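# Structure assessment
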Amino acid sequence: QRLGLQQVDPRADQNRVETEIEVIESNLVQNAVEEELGREPDVSVSGVGDTDIVEISATSDVPEEAAEEANLYAHTYVDWKRQRTVEDLLAAQETVDAIQGQLDELQAPVNELEAALFAAETEEDREEIRTEIARVEEQIAAQSQALESSLALYRSELSSLQVSQRITRTGGVQ
């Protein structure tokens, strides 16, 4: 059974494949397969050359059992990876929502002042409100900028996770 591990970052190196091999060989995956099979699986996992392909091989006197074991191992890993990606997606979305909420809270006083500016009846009142808007915007500028940077970072992570989630739907199983 071969798994293609999609590389989101083209500069990612063999460490990614080695990490995935460690995950595939982990007790988490092995125990799940053992529970399904009713016995300890006899598999080996290796990278294929300088590619991002991982090969899972099983050994058995009965070829069909070896194929079943290798396939079960691959599918168990893919299911785990899919679940992990969904959890990561949800966590990233929660973080994006929380940061956006903080930005909205920071902007609220400015929005209120802008509404007051629209409703102001005299030029003197409008000028006073404009001055207050500038003061408030100056106060929140650094905090807003930091939050906007964090928001951009998490949106980028969310986008990467969404790509990963689309890839993991099929699992790259060949």
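Treat the numbers as computed from the prediction; the structure is a model and nothing was measured.

What counts and what doesn't
Residues numbered from 1 in each chain as written. Predicted model: local features only at pLDDT ≥ 70, side-chain atom pairs only at ≥ 80, totals over all residues. Heavy atoms only, no water. Axes fitted to C-alpha atoms, helices over the stretch in contact; angles between N-to-C directions. Helix = DSSP H or I, 4+ residues; strand = E, 2+ residues; numbered from the N terminus. Parallel < 35°, antiparallel > 145°, perpendicular 65-115°, else oblique. Contact = heavy atoms within 4.5 Å. Nonpolar A, V, L, I, M, F, W, Y, C, P; charged D, E, K, R; others polar. Pairing = 2+ DSSP bridges. Salt bridge = Lys/Arg side-chain N within 4 Å of Asp/Glu carboxyl O. Buried < 20%, exposed > 50% of the residue type's maximum accessible area, 1.4 Å probe, protein only. Expected span 1.5 Å × (residues − 1). Bend = angle between axes of the 7 residues up to and from the residue. Patch = residues over 30% accessible without salt bridge, like charges linked within 9 Å, V, L, I, M, F, W, Y side chains within 5 Å. Areas by Shrake-Rupley, 256 points an atom, 1.4 Å probe, with all protein chains shown as cover. Lys, Arg positive; Asp, Glu negative; His and termini not counted. Charge placed at Lys NZ, Arg CZ, Asp CG, Glu CD. Left-handed = near helix turned anticlockwise from the far one by under 90°.

We now examine the packing of helix α1 (residues 14-24) against helix α3 (residues 63-119). Where α1 contacts α3, the two axes come as close as 10 Å, and the packing angle between them is 105°. The orientation of α1 with respect to α3, classified from their angle, is roughly perpendicular. Contacts between α1 and α3 involve Glu-20, Val-23 and Ile-24 from the former and Tyr-73, Tyr-77, Trp-80 and Lys-81 from the latter. Class assignment of the residues belonging to the contact of α1 with α3 gives a composition of 5 nonpolar, no polar and 2 charged.

Another point: the pairing of strand β3 (residues 53-58). The pairing of strand β2 (residues 43-47) with β3 spans 5 bridges and is classified as antiparallel. Within the sheet, the bridge partner assigned to Ser-44 lies in β3 and is Ser-57. Between β2 and β3, which follow one another and run antiparallel, lie 5 residues, and Gly-49 among them has a positive phi close to 55°.

The next subject is the pattern of salt bridges. Within this structure, the stated rule accounts for 9 salt bridges. Residue Glu-132 pairs with Arg-135 through a salt bridge whose shortest N-O separation is 2.4 Å. Of the two residues, Glu-132 and Arg-135 both sit in helix α4 (residues 123-170), 3 residues apart, roughly one turn of that helix. Classification of Glu-132 as partly exposed rests on a relative accessible area of 28%.

Since the α-helix advances by 3.6 residues per turn, residues separated by three or four positions end up pointing in the same direction. Taking 1.5 Å of rise per residue, the 57 residues of α3 would be expected to cover 84 Å, and the 81 Å separating its terminal C-alpha atoms lies within 8% of that figure. At Gln-107, α3 shows its largest bend, some 40°, and a proline, Pro-109, comes one to four positions later.

Another aspect to go through is the environment of Arg-130. Examined against the element boundaries, Arg-130 turns out to sit in helix α4. For Arg-130, a relative accessible area of 36% gives the class partly exposed. Separated by 17 residues in the primary sequence, Arg-130 and Leu-113 place their C-alpha atoms 8.1 Å from one another. In contact with Arg-130, other than residues within four places in its own chain, are Leu-117 and Glu-123.

To continue, consider a negative patch on the surface. Residues Glu-35, Glu-36, Asp-61, Glu-64, Glu-65 and Glu-68 make up a contiguous surface patch of negative charge. Mapped onto the negative patch, the elements with two or more residues apiece are α2 (27-37) and α3. The greatest single-element share of the negative patch, amounting to 3 residues, is contributed by α3. Structurally, Glu-68 is set in helix α3.

In this structure, Glu-157 sits in helix α4. Counting along the chain gives 68 residues from Glu-157 to Leu-89, while the straight-line C-alpha distance between them is 8.7 Å.

Taken N-terminus to C-terminus, the directions of α2 and α3 make an angle of 130°; their axes are 9 Å apart at the nearest point. As judged from the angle between their axes, α2 and α3 are oblique. Like other packed secondary-structure pairs, α2 and α3 cross with a definite hand, here right-handed. Only Glu-68, Glu-69, Leu-72, Tyr-73, Thr-76, Tyr-77 and Trp-80 of α3 make contact with α2, whose side of the interface consists of Leu-28, Val-29, Gln-30, Ala-32, Val-33, Glu-36 and Leu-37.

That is the geometry; function is a separate question.
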